[in-house]
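# Commentary on secondary and tertiary structure
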Amino acid sequence: MTTENTTGGGAAGAPEAPAPALRKASWKRVGPGIVVAATGVGAGDLVATLIAGSKFGYTLLWAAVIGCIVKIALAEATGRWHLATGRTLFHGWRALGSWTTVYFAVYVVIWGFVYGATAMSASGLPLAALFPDVLNLRAWAIISGLVGLVFVWFNRYAVFEKVMTVLIGVMFVVTVYLAVRVAPDIGDAFAGLVPVLPDGSLLYTLGLVGGVGGTITMAAYGYWVNAKGWTDSSWMKMMRLDNRVAYITTGVFVVAMLFVGAELLSASHASITEGDKGLVDLGGILEDRFGSVTANLFLVGFFAASFSSLIGVWQGVSLMFADFCARLRAARDAKATAEAGGSEEPEADAVARGERERSWPYKAYLLWLTFPPMTLLFLDQPFGLVVGYGVLGAFFMPFLALTLVWLLNSRHTPREWRNGVLSNVLLIASGLLFIVLCVQQIRELPW
């Protein structure tokens, strides 16, 4: 059984082991990036991009490009931490103090409860639209959650990655087809690469830069890198290629939806509902404009986007939770050993990679994501949960960005793999961006 290296980034002054030779990057090995792209782009993200396109045309295309660069920097930093140190993010976060443990424990419980209902509902919407006479939305949502649970429970990462690749392939074909079908104005599109801020566009611009693909799944990227078998710094080139593929793919989704919003919605002065239900509205507009085949194809792509986010979170965040619980046990055992007069060894780095998907915390969190949230499908989300979910979620991305700045400039990271100037600029800029978005998101909550 292979366990994680616990020596990387050790105490100050300790000699650093020579870094292993870098492996050649190969397109054939790309995988975790596909998973993070498929998970990070949900139905709500696509709607937000559509609305931005409908309001401002191609003018904010430059913001979508910058958003991809920001996400590449963040995910690269997460993967680099895992590979350079042989440790997970929780090791670094605990070095910041016990408050990080309290924050994550509260966050992962409330976030998982509310997100579970959101993900199931988003996956049920296109199914209810495709098969309106079979079952209602609530039934389709529950079936989606149960199918996701069974799939993730009984399959390991290799099968999970293959299914996610199929789903993102469906998303890619559908979004690119729609972008071509609406016949975008290429001249206006290129003009949109010049940074301009039309009146009233600031929040939409910040949302495009920071929103699509920017969730807790960015932190899960390092766990998927490890699950792939990339376990040390020799995989750094491969991880960086994989990461670029992820967010270039995400960029294609964003640009394609911006084109659809600019050409289809703006030109016809049509409007859609914010949130996941906006894609159902778009399906109706597509049917009126292009016929039922295109509309149904779009709904299939909508399902692929929603269900890939569901199983991605079910798998990735459950891996994080399993590691979180194992680290708490390791810290408790180390403290007990020290109090008994023994030598307090450095904390073991959580669970052996092959064991995370079989551990009881992993399966317990899967159940938490699936069954308790079903109660929210039968009633409006309780006010307190909505506020708590919004506040905790808003803080996560600035928390991730700024802690990565600290970790990757500290003694916890081998000198060879610490941040350069460009990484620091991008991470600090993204941290400030997410702070602004955090404040705005909290202001918009129904206090």
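On a predicted model such as this, the values are computed, not experimentally measured, just so you know.

Conventions adopted
- Residues numbered from 1 in each chain as written.
- Predicted model: local features only at pLDDT ≥ 70, side-chain atom pairs only at ≥ 80, totals over all residues.
- Heavy atoms only, no water.
- Axes fitted to C-alpha atoms, helices over the stretch in contact; angles between N-to-C directions.
- Helix = DSSP H or I, 4+ residues; strand = E, 2+ residues; numbered from the N terminus.
- Parallel < 35°, antiparallel > 145°, perpendicular 65-115°, else oblique.
- Contact = heavy atoms within 4.5 Å.
- Nonpolar A, V, L, I, M, F, W, Y, C, P; charged D, E, K, R; others polar.
- pLDDT = per-residue confidence, 0-100.
- Phe/Tyr/Trp six-rings, centres within 6.5 Å; stacked < 30°, edge-to-face > 60°.
- Buried < 20%, exposed > 50% of the residue type's maximum accessible area, 1.4 Å probe, protein only.

## A look at the packing of helix α10 (residues 217–227) against helix α13 (residues 292–339)
Where α10 contacts α13, the two axes come as close as 9 Å, and the packing angle between them is 75°. Taken together, α10 and α13 sit at an angle that is classed as roughly perpendicular. Here T217, A219, A220, Y223 and W224 of α10 lie close against α13, whose contacting residues are G312, V313, Q315, G316, L319, M320 and D323. A per-class count over the contact of α10 with α13 returns 7 nonpolar, 4 polar and 1 charged.

## Here we look at the confidence of the model for the chain
In this model, the chain carries a mean pLDDT of 84, and residues with pLDDT of at least 70 account for 87%. Here residues 1–15 is modelled with pLDDT under 50, and outside its nearest four sequence neighbours on either side it reaches 31 contacts, counting other chains as well. Taken as a whole, residues 344–351 scores under 50 in pLDDT and shows 26 contacts with residues more than four places along the chain or in a different chain.

## What to know about the side chain of S430
Mapped onto the elements of the fold, S430 is located in helix α17 (residues 421–443). In this structure, S430 is in contact with V70, L74 and A401, ignoring residues within four places of it in sequence.

## Remarks on the packing of aromatic side chains
The final tally for this structure, using the stated rule, is 26 aromatic pairs. Aromatic pair Y103 and Y107: ring centres 5.7 Å apart, planes at 20°, arrangement stacked. Linking Y103 with Y107, this pair stays in helix α5 (residues 99–130), spanning 4 residues, or about one helical turn. Judged by relative accessible area, Y103 falls into the buried class, the value being 13%. Look at Y107 and you get buried, because its relative accessible area is 2%. Relative to F302, the ring of F298 lies with its centre 6.3 Å away and its plane at 35°, an arrangement referred to as tilted. Note that F298 and F302 are positioned in helix α13 at a spacing of 4 residues, about one turn of the helix. With respect to class, F298 is no different from F302; both count as buried.

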